[in-house]
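# Understanding the architecture of this molecule
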Amino acid sequence: MSAPHDLHEPSERLLRHDASPPEGDGRVREKDAGSVRSSATDATEDALSGPPARSGGRGFVPQRPPTPPGSLFAPGVDPDVVVAAEAHAAEAHATQAHGGEAHAGGTAARPRPTLEELKARKARTRGLLERNVDVMTVSMGPQHPSMHGVYRAELDLDGEVIVAVRPEIGNLHRGVEKLCEQRTYHQIIPLTDRLDYLSGFAMNHGFCEAAEKLMGLEVPPRARHIRTLSSELCRLANHIMWLGVHIMDLGTQTFFSICFRDREYVLDLFEMLTGARLTHSFARIGGVAKDLPDGFEERCRKVIDFLPKRVAEYERIVKHNRIYYKRAKNVGIFTSEDCYAWRVTGPPLRAAGIARDLRKDEPYAAYDEVDFEVAVEYNADVYDRFLVRMKEIRESCKIIRQCLDNLPPGPFLSRDMGHTLPVKRDVLQDSAAMIQDFYQVFRGPQVPKGEVYRATEAPKGEMGVYIRSEGAGTPARVRFSTPSFYHGQAVPALVEGEMVADMVAIFASVDVVLGDCDR
Amino acid sequence: MSDPVAQLIFLIVKAILMPVLIITFVAFVIYFERKFAGFFAGRVGPTYLGPWGSLQSFGDIIKLLSKEDVTPLRADKLVFKMAPYIAFIPVFAVIAVLPFGPVGGGPNLFGHRFDYVIANFDAGVVLLLAMGALSVYGVVLAGWSSNSNYSLLGGLRAGAQMISYELAMGFSVVGVVLMAGSLNFVDIVNGQAGNFWEWYFIPQVVGGLVFFIASIAELNRTPFDLAEAEQELVAGHLTEYSGMRWGMFYFAEYVNLVVISAIVSTLYFGGWRAPLTVLDFIPGPIWLFLKMIAFIFLYMWVRWTIIRYRYNQLMSIGWKVLLPLSLANLVVTAIVVSLQG
Amino acid sequence: MSVAAGRGDALPESLVVAASKLEKRFGRRLLERVEFRGELTYVVAPDDWLRVLSFCRSAPPLAFDQLDCLFGDHLPERATAPFAVVVHLLSHTHGHRLRVKTALVDGQPVHTVTGLWPSAGFDERETWEMFGIPFSGHPDLRRLLTTDDFEGFPLRKDFPLQGTVGGRIRTDLRGKI
């Protein structure tokens, strides 16, 4: 069931304002002509260039070394090449047979800005930035009323304009990677729950995919479908909560309560399925912990039947809201170039026009057996990230429905002596299973020597898991390269030059969760 | 009992009764805000204290009184302590000139005339605008005296916002004044005699709308509450206030809300007049109360539904949209009134 | 552009082409090449680190425009060069991935790659803080995740899992290494 077109596009009335330059009128400022950083000269530079506001260990502002000749990002490179490459990539995805029904039609109706246009827009919105001015330092300290975890950003403000940002993370560092080295692969799974604690299963799943790749283990089809279903439920929960938090950051707490109310339906499903609302620990090496319980399918179908309608209603409220449009349009533009440079993936990258979704590009679990579209928008601002996430909610419901419809029979956990935990019922009755259980719990699985890296599409972006094994049952090195770590690092590039009130909106739109960031 | 003594007694009674009633009402308005917020969000709001949680405000007062009084070390103590009162007393003072029932006419109480207004003041509208301006001081001084970066920033932003929107408010009110021919609130209400289609909200629809929106900015409520937005960096000018001092600011905000609702009802919706003359037998104060409740609900509805504007967008709305509209309203009203003789 | 990497053990087309280009350019400077589970890993010497990675980023058949992650590793059993820095690269244009590693002794620095990919900034800070591998040219090399007064390099294999280090926040150390 695809929503009608009018829900994909903002109303015409709002689109008419799209062509005009972003709001520069209310910014009444006195400056002499000499010190104005004119946007004309900056049209081809982005936030990475220019001398840093402060240096000497006070903040990370990257210096651009002389770029080697022929580099992809040298200013001398023909932008048309970059644009053409991206347009080709976007077209390839839009027309691929993954099912691009409404997608191609919907986006053809709206003009897609080129990379140059986006960069010019960005330069205009950040045109008030002056580097060498008197600044007031304000700390957006580790305690936030707006629920982004314990992230600290020291802002240098010149009036309303943010001149520099120095982020500080680490308040939630729990040493997950060190802990992983002392635990068997099975014991690491509950640790991964606490990474992005808002989508616990997605983290479990990512780790299990990496471990199974290392062991060369095949997961049975039923387990793959259940994993896909659960990951998409995680994505639903995450995006619905994101919507509530984002709108709450912009002003109203009503939406937050409403969205959390709807998230409760998904969390109830998780409780039914895994026994826990947030820290699922449901994936196992080789499958999942349990099969779908009785009544789960019926309840799940009820939820995914009514949730898209609810979300469509919220989307309609927010998308056509004039105030939201003014606060989110052309705010926080982060072009695809910036996204590559700062390793920003997930919805912000897709909002910049790059149709990169690991579920399609490097499929895992049952994603190559289900039919869905990649949500792509082209304006790379907060508004488009919102649209992308709303579309992803709809697509998640589609995927879940397909998983439920096509759920193959079979085992939910691979019966592999050397790699998987046996089903508990068998352990108490079958001696082979008892031996397997003993072996797996005390020694861990049989893993070949080697290293592997596997990235999956977590709700917040690409989560990569690197595992190096020396043949023991515990890994020698595990590295989680989580999306929020890089998104938190990209905050200066995202926000410098914008106004203070936009900082909260932009920060919310890149979806940083400190569990993910600090590990 | 001679008339001056009776009038004096009535005055004392009114002067004591009105503030007490308003303050008690405000306690329940705070409760209603939280209840409505809950209902709008699919929750239930306070339910614990009292029937349906109605005594929540009193519980909050007791809690706030029992908190430690924290004053910043280098704050200007006198100003810091006076600021909440400067924020609320001026607007509260406007109650003195608002009529809540018929004024003038023959004896109606124990053989003496009981006027339903504390002070029949000939420059009531001027007092309204002046007091609105004074209350800005409370906010700005709170921010400044806290000796903190954030508070200063918040206080200045709030102050600038309130001043900008007061202009639009002032000009819209002048439209009403032109129609009534007097700055006295009593005359303004008397000029809206008759049924509800003769009230000023129809001819002054533009002015009324501008006044309503500008008053939301005066009250520092969403969508114009950037100065005290919790989700922005800090709590603005209220950052350093805790315990009962903060309670006083919170209280002041709701007193302002109640008084501004009363003012809106008086200026545009007939004050204590019944919507249909056949319903005149219901006393004036009841009608004013009902209209106040309606506006209070409207302010709350707006607050819990709309997201807030960014500061530059807020200022541009105040100066570039509301002010020209109210001026246009004023010009048109002046022309029409003078043409009508 | 989309490639189903990781499902089989064969390397994707574009990666084979990229690998041959890389080997033609650097020849014996690529000390080791490993193919495992459909992934390609090269080991280079620390002196060639920046050169190889620049080439990876700029050469069109490679076009590794995103740094997926950079981190350190400690292999105490390898006595000659117990430390390692591992980098995962991703190309959006071709859709292939590459792993590049280097082996170091204790305290041997490696050149920063923040000039090529700014996202390496936090990664290199974390590697310094966890393993003690310095990155020359990094604009702001100091502790990232641990507290300001933390002593030691926690992810080294000889650092204990449990124990007590320090006990108070030393604000005089804030901002310094």
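Residues numbered from 1 in each chain as written. Chains lettered and ligands numbered in written order. Predicted model: local features only at pLDDT ≥ 70, side-chain atom pairs only at ≥ 80, totals over all residues.

Moving on, we get to the overall build of chain B. Summing up its helical and strand segments, chain B has ten helices and zero strands in all. For chain B, the N- to C-terminal ordering of α and β elements is α-α-α-α-α-α-α-α-α-α. Its C-alpha atoms give chain B a radius of gyration of 21 Å, near enough to 20 Å, the size a compact globule of 341 residues would have. Counting only C-alpha atoms and orienting by the principal axes, one finds that chain B spans roughly 60 × 50 × 45 Å. (Helix = DSSP H or I, 4+ residues; strand = E, 2+ residues; numbered from the N terminus. Rg over C-alpha atoms; globule rule 2.2 N^0.38 Å.)

Per the secondary structure count, chain A includes 21 helices and eight strands. Here chain A holds 519 residues, and the buried ones make up 55% of them. (Buried ≥ 20, exposed ≤ 12 C-beta atoms within 10 Å, placed from the backbone.)

Another point: the packing of helix H2 (residues 56-65) of chain B against helix H8 (residues 243-268) of chain B. All names here are of chain B. Axis separation between H2 and H8 bottoms out at 7 Å; the angle between their running directions is 140°. Relative to H8, the element H2 is oriented oblique. Contact residues: H2 offers Ile-61, Leu-64 and Leu-65, while H8 offers Gly-243, Met-244 and Gly-247. Of the residues assigned to the contact of H2 with H8, the class counts are four nonpolar, two polar and no charged. (Axes fitted to C-alpha atoms, helices over the stretch in contact; angles between N-to-C directions. Parallel < 35°, antiparallel > 145°, perpendicular 65-115°, else oblique. Contact = placed C-beta atoms within 7 Å. Nonpolar A, V, L, I, M, F, W, Y, C, P; charged D, E, K, R; others polar.)

Here we take up the sheet that holds strand E3 (residues 66-74) of chain C. All names here are of chain C. Taken together, five strands build an open sheet; the order of strands is E1-E2-E5-E4-E3 and the sheet is mixed. Looking at the sheet topology across the chains shown, the edges are occupied by strand E1 (30-36) and E3. On average, each strand axis in the sheet is tilted by 20° relative to the strand beside it, whichever way the strands run. Strand direction decides the pairing type here: E1 and strand E2 (residues 39-44), joined by six bridges, are antiparallel. (Pairing = 2+ DSSP bridges.)

All names here are of chain A. Read from one edge to the other, the open sheet built from three strands follows the order E1-E2-E3, with strand pairing classed as antiparallel. Of all strands in the sheet, those bounded by a partner on one side alone are strand E1 (136-140) and strand E3 (161-168). Neighbour-to-neighbour, the strand axes of the sheet open up by a mean angle of 25°, direction not taken into account. With five bridges joining them, E1 and strand E2 (residues 152-158) adopt antiparallel strand pairing. When the sheet's bridge partners are listed, Ser-139 is paired in E2 with Glu-154.

With that settled, the discussion passes to the interface of chain A and chain B. The interface is formed by 30 residues belonging to chain A together with 26 residues belonging to chain B. Where the side of chain A that touches chain B is concerned, the elements lending two or more residues are E1, helix H8 (221-250), helix H9 (253-274), helix H11 (322-328) and helix H20 (500-509) of chain A. It is H9(A) that provides the largest number of residues to the side of chain A that touches chain B, a total of five residues. Here the side of chain A that touches chain B is composed, by residue class, of 14 nonpolar, seven polar and nine charged.

Residue and element names in this part refer to chain A. Between its first and last C-alpha atoms H9 spans 30 Å; for 22 residues at 1.5 Å apiece the expected length is 32 Å, and the two agree. Those residues of H9 that sit buried are Thr-254, Phe-255, Phe-256, Ile-258, Cys-259, Asp-262, Arg-263, Val-266, Leu-269, Phe-270, Leu-273 and Thr-274. Gly-275 occupies a position one or two residues after H9 and carries a positive phi of about 95°. (Expected span 1.5 Å × (residues − 1).)

Looking now at helix H6 (residues 185-193) of chain A. Residues and elements named next belong to chain A. Burial within H6 is extensive, with seven of its nine residues counted as buried. Of the residues making up H6, those classed as buried are Tyr-185, His-186, Ile-188, Ile-189, Leu-191, Thr-192 and Asp-193. Tucked inside the fold, the buried residues of H6 contact helix H5 (176-180), helix H7 (200-215), strand E4 (283-284), helix H17 (431-442) and strand E8 (477-481).

This part covers the nonpolar core. By size, the foremost hydrophobic cluster in this structure holds 275 residues, and its most contacted members are Val255(B), Val258(B) and Val259(B). Sequence-distant contacts of Val255(B), that is, excluding residues within four places in its chain, are made with Ile22(B), Val26(B), Phe88(B), Val91(B) and Phe92(B). (Core = buried A, V, L, I, M, F, W, Y, C linked by C-beta atoms within 7 Å.)

A word on the confidence of the model for chain A. Residues of chain A with pLDDT of at least 70 account for 77%, and the chain-wide mean is 78. With pLDDT under 50 throughout, residues 1-109 of chain A is counted as low confidence; its partners more than four residues away or in other chains account for 139 contacts. (pLDDT = per-residue confidence, 0-100.)

To continue, consider the environment of Lys101(C). All names here are of chain C. Within the fold, Lys-101 resides in strand E5 (residues 97-104). Residue Lys-101 is classed as partly exposed on the basis of its 18 C-beta neighbours within 10 Å. The spacing of Lys-101 and Glu-129 is 28 residues in sequence and 19 Å in space, taken between C-alpha atoms. The residues contacting Lys-101, other than those within four sequence positions of it, are Thr-41, Val-43, Ala-84, Val-85 and Val-86.

Residue and element names in this part refer to chain A. Most of strand E7 (residues 461-469) is tucked away: nine of the nine residues are buried. The turn linking strand E6 (residues 450-458) back onto E7 is made up of two residues. Pairing analysis gives five bridges linking E7 to E8, with the strands arranged antiparallel. For Tyr-466, the partnering residue across the bridge sits in E8 and is Arg-479.

Residue and element names in this part refer to chain A. Closest axis-to-axis distance for the H8/H20 pair is 9 Å, and the angle between their directions is 175°. One finds that H8 runs roughly antiparallel with respect to H20. Contacts between H8 and H20 involve Val-245, His-246, Asp-249 and Leu-250 on the former and, on the latter, Val-504, Ala-505, Ala-508 and Ser-509. In terms of residue class, the contact of H8 with H20 is built from five nonpolar, two polar and one charged.

Our next topic: the environment of Gln402(A). Residues and elements named next belong to chain A. Topologically, Gln-402 is positioned in helix H15 (residues 382-405). For Gln-402, a count of 19 C-beta atoms within 10 Å puts it in the partly exposed group. Once the C-alpha coordinates of Gln-402 and Val-370 are considered, the two residues, 32 residues apart in sequence, prove to be 6.5 Å apart. Residue contacts for Gln-402: discarding those within four places in its chain leaves Val-370 and Asp-371.

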